[in-house]
Amino acid sequence: MTSDEKPLADDDVMFEGLIRASGVPVSDQEKQDLRKAYSSLMGLAARTRKPGRSWDVRMLPVFSPKPPKGS
Amino acid sequence: MNVDRDVPTIAEAARQIKAGMLSPVALVESCLARIEAHEPTIQAFHTIFTDEARAAANQAEKEIESGNYRGPLHGIPIGLKDVFYLKGYKTTSNSRIMQDFEAEEDAAVVTRLRDAGAIFMGQLNTYEFTFGGRPTFDALYPPARNPWDITRSTGGSSSGSGAAVAAGFCLGALGSDAGGSIRTPSAFCGVAGMKATFGRVSAFGDLPLSFSFDCVGPMTWTSEDSALMLQALAGHDERDPGSVETPVPDYVTPLNGGVRGLKVGMIRHFYTSDFEAPPEIVKSIDGVGNTLRDLGATVEEINVSPLIDWHAVGRVILPAEAFTIHEENLQNRWEDFGPLARNRMMLGSLVRAVDYIQAQRRRTELLEEIEIALSEYDVIITTAMLTPQPPLDDKAPFPFLDVPMIAVPFNLTLHPVQTVRAGFFNDGMPIGAQIVGRNWDEATVLKVAHSFEKEAGLLKRFPDLS
């Protein structure tokens, strides 16, 4: 997918499903505004992907157990 | 707007109070008089502690006169953003959802300021649940107005804090920052503000917006004053899981150390090509670099990933976390939220787990860019604003999706940032710059900021409240 292509997630079925799954009683007018915002959001989300990104690149924060007391 | 006024800085007032030349009672009364005269217009506070402030000022005066001087914040009027637990009062975050919430104890930063002898002037307005973008008119309280032009936005979400310090209602204020909420109102209102390293100042008792980004910090007229407040605020607190146990250095003594020999990196492409900011902003921010060069710093232009990349990461992570925090109330009390805030939070429900994780992975890469830059440069400078202060009544629901948010990069990377007044638009509105430092090195950031402010001489202009 090139940066000019619409992200796959920018889809009415996906949007409606996410709204329904949220359990929030959004009005029809608000849903219309949110649908436009969703397109922008998915465009931004697409930008965070990087083809060929190393598997070693982890998300922040990376949790690890605290060292034992006294160590 | 070049009006003189009789409001000291914290540093000036502290010297006079310690020397017995200024009474905390007189100082508080002068702030209360300004509040009485101008607060109905500015709307920085929703609750003013008139009686409490007078009582605290009397107490402070007695303590100081008896030799029990606690330090530079003793007897200093401070405002509190309405997101901090404050025992005996409601903490509402400007939302009907919280209008009856009263914490059982003070926030950590409130306790630290109280212990330092600060005098609380009141609770300051914020955007509903601190979700920024534009002020919220449909929340519990009306929005604060910019003292430089009451038809323009203060920026947010520490909107009341920026307005109160700019108007001289208090000498300092507390703010919080997850996406620029200290730095944007600082820039828009022409004051100084510090987002410290994530984990430097306890967020215990700060109503959260984003677990990954939330920071608490001071907003003041000068960077010297920011240093004085940060000295009291900083330090480990085991009640805040993000708080880090690392020594707190002296922020005040090194302020006058100068910048000779320091290396400064300017990220200009953020405001010249990634987004074409107005010429006044370009000139002002470039002017910060030029001033530091004149003071003996080495100043060079540096490049990092385009601003839209940083913006994208922030816009995926923050709403997702905000929605998570408020999910139950959004499902069950939708009508009690203001429409602007609730729809901003709804964006978070549209972020899938894979989007969130990819954004966090991109964040790791971007953080590394700034770490590499700061391994070579002592500080980085860029703008704190990309556009002029918008009209107060701009009710665009999602303005932060289409225009990049310039403060967000350093929420992602966790580094300390000081906002300073860098110049003015042709219409007299202030322009702010960001000075970014290495993690835990707020001292160098504040030293650079203080050096710039002293040399540039831009802080002798005040908003005309008449």
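Residues numbered from 1 in each chain as written. Chains lettered and ligands numbered in written order. Predicted model: local features only at pLDDT ≥ 70, side-chain atom pairs only at ≥ 80, totals over all residues. Heavy atoms only, no water.

Asks: What is the right way to look at the interface of chain A and chain B in this model?
Replies: It is common to give the size of an interface as the accessible area that goes away when the parts come together. Every contact between the two is made by 31 residues of chain A and, on the other side, 36 residues of chain B. Between chain A and chain B lies a buried interface of about 3,000 Å² when both sides are counted; carbon and sulfur atoms form 65% of it. Together, A:Leu41, A:Leu44 and A:Leu60 form the three largest contributors to the area buried by chain A at its contact with chain B, with a combined 20%. At the boundary of chain A and chain B, one finds five salt bridges. A salt bridge links A:Arg47 to B:Asp309; the shortest N-O distance between them is 2.7 Å. Our count for the chain A to chain B interface comes out at twelve residue pairs in polar contact (both at pLDDT 80 or more). The set of elements that each furnish at least two residues to the side of chain A that touches chain B consists of α1 (12-22) and α2 (28-47) of chain A. Take the side of chain A that touches chain B: its biggest share by element is eleven residues, from α2(A). Taken together, the residues of the side of chain A that touches chain B break down into 19 nonpolar, five polar and seven charged. (Contact = heavy atoms within 4.5 Å. Buried area = accessible area lost by both parts, 1.4 Å probe. Salt bridge = Lys/Arg side-chain N within 4 Å of Asp/Glu carboxyl O. Polar contact = N/O pair within 3.5 Å; in protein donor to acceptor, adjacent residues only side chain to side chain. Helix = DSSP H or I, 4+ residues; strand = E, 2+ residues; numbered from the N terminus. Nonpolar A, V, L, I, M, F, W, Y, C, P; charged D, E, K, R; others polar.)

Asks: What is the right way to look at the packing of α2(A) against helix α10 (residues 307-332) of chain B in this model?
Replies: Packed helices, taken two at a time, are described by their axes: the angle between them and the distance between them. Following both chains from N to C, one finds α2(A) and α10(B) inclined at 115 degrees, their axes separated by 8 Å at the closest point. Crossing geometry of α2(A) relative to α10(B) is assigned as left-handed. Contacts from A:Leu41, A:Leu44, A:Ala45 and A:Arg47 of α2(A) reach α10(B) at B:Ile308, B:Asp309, B:His311, B:Ala312, B:Arg315 and B:Val316. The residue inventory of the contact of α2(A) with α10(B), partitioned by class, reads six nonpolar, one polar and three charged. (Axes fitted to C-alpha atoms, helices over the stretch in contact; angles between N-to-C directions. Left-handed = near helix turned anticlockwise from the far one by under 90°.)

Asks: What's the story with helix α1 (residues 10-18) of chain B in this structure? I'm lost.
Replies: Because each turn of an α-helix spans 3.6 residues, side chains separated by three or four positions end up pointing in the same direction. All names here are of chain B. Looking at α1, one finds that the buried residues are Ile10, Ala11, Ala13, Ala14 and Ile17. Seen end-on, α1 carries its buried residues on one side only, within an arc spanning 165 degrees. Each element contacted by the buried residues of α1 is listed here: α2 (24-42), α3 (50-65), β2 (77-81), β4 (172-177), β6 (215-220) and α7 (223-233). Residue Gly20 follows α1 closely and has a positive phi angle near 75 degrees. (Buried < 20%, exposed > 50% of the residue type's maximum accessible area, 1.4 Å probe, protein only. Arc of directions from axis to C-beta.)

Asks: What exactly am I supposed to notice about the nonpolar core here?
Replies: A general trend in soluble globular proteins is that nonpolar side chains are found buried together. One finds B:Leu113, B:Met121, B:Leu174, B:Phe270, B:Ile285, B:Leu292 and B:Leu347 to be the most contacted residues of the largest nonpolar core, which totals 162 residues. For B:Leu113, the contacting residues outside a window of four places in its chain are B:Leu73, B:Ile78, B:Leu80, B:Ala118, B:Phe120, B:Leu174, B:Met229 and B:Leu233. (Core = buried A, V, L, I, M, F, W, Y, C linked by side-chain atoms within 4.5 Å.)

Asks: Can you walk me through the packing of aromatic side chains in this structure?
Replies: Each aromatic ring pair is described using two quantities: the centre-to-centre distance and the angle formed by the ring planes. Residue and element names in this part refer to chain B. Applying the stated criterion to the full structure yields nine aromatic pairs over all chains. Between Tyr85 and Phe204, the ring centres sit 6.3 Å apart and the planes meet at 70 degrees, which makes this aromatic pair edge-to-face. Within this pair, whereas Tyr85 is found in the loop between β2 and α4 (108-115), its partner Phe204 is found in the loop between β5 (192-195) and β6, the two being separated by 119 residues in sequence. We classify Tyr85 as partly exposed; its relative accessible area is 22%. For Phe204, a relative accessible area of 17% puts it in the buried group. When the centroid spacing of 5.9 Å and the interplanar angle of 55 degrees are considered together, the rings of Trp148 and Phe424 count as tilted. Taken as a pair, Trp148 in the loop between β3 (119-124) and α5 (159-167) and Phe424 in strand β10 (residues 417-424) lie far apart in primary sequence, 276 residues in all. On the basis of relative accessible area, Trp148 is assigned to the buried category, the value being 4%. Every member of this aromatic cluster is reached through a ring pair, and the members are Tyr85, Phe101 and Phe204. (Phe/Tyr/Trp six-rings, centres within 6.5 Å; stacked < 30°, edge-to-face > 60°.)

Asks: Just checking my understanding: could you explain the side chain of B:Glu321 for this structure?
Replies: Residue and element names in this part refer to chain B. By secondary structure assignment, the location of Glu321 is in helix α10. One buried charged residue, Glu321, remains without a salt bridge, the closest side chain of opposite sign being Arg363 at 6.0 Å. Polar side-chain contacts of Glu321 include one of 2.6 Å to the side chain of Tyr356. With sequence-adjacent residues up to four places away left out, Glu321 is seen in contact with Leu209, Ser210, Phe211, Ser212, Tyr356 and Gln360. (Lys, Arg positive; Asp, Glu negative; His and termini not counted.)

Asks: What exactly am I supposed to notice about the sheet that holds β5(B) here?
Replies: Across a sheet, strands are paired by hydrogen bonds formed along the backbone, either parallel or antiparallel in direction. All names here are of chain B. Read from one edge to the other, the open sheet built from eleven strands follows the order β1-β3-β2-β4-β6-β5-β10-β11-β9-β7-β8, with strand pairing classed as mixed. One side of each edge strand has no neighbouring strand; the edge strands of this open sheet are β1 (45-48) and β8 (298-301). Averaged over all neighbouring strand pairs, the angle between strand axes comes to 30 degrees, with direction disregarded. Examined bridge by bridge, β10 and strand β11 (residues 430-437) share seven bridges and lie antiparallel to one another. Across the sheet, the residue bridging to Val417 is Val436, located in β11. Along the sheet, helix α15 (residues 442-456) contacts β5, β9 (379-383), β10 and β11; its crossing angle with β10, the most-contacted strand, is approximately 15 degrees. (Pairing = 2+ DSSP bridges.)

Asks: Got a minute to help me understand the side chain of B:His415 in this structure?
Replies: All names here are of chain B. If you trace the backbone, His415 turns up in the loop between α14 (409-412) and β10. Polar contacts involving the side chain of His415 include one to the side chain of Glu371, which spans 2.6 Å. Side chain to side chain, His415 and Thr413 meet in a polar contact 2.8 Å long. Residues in contact with His415, not counting those within four places in the same chain, are Lys195, Ala196, Thr197, Ile370, Glu371, Leu374, Phe410, Val436, Gly437, Arg438 and Asn439.

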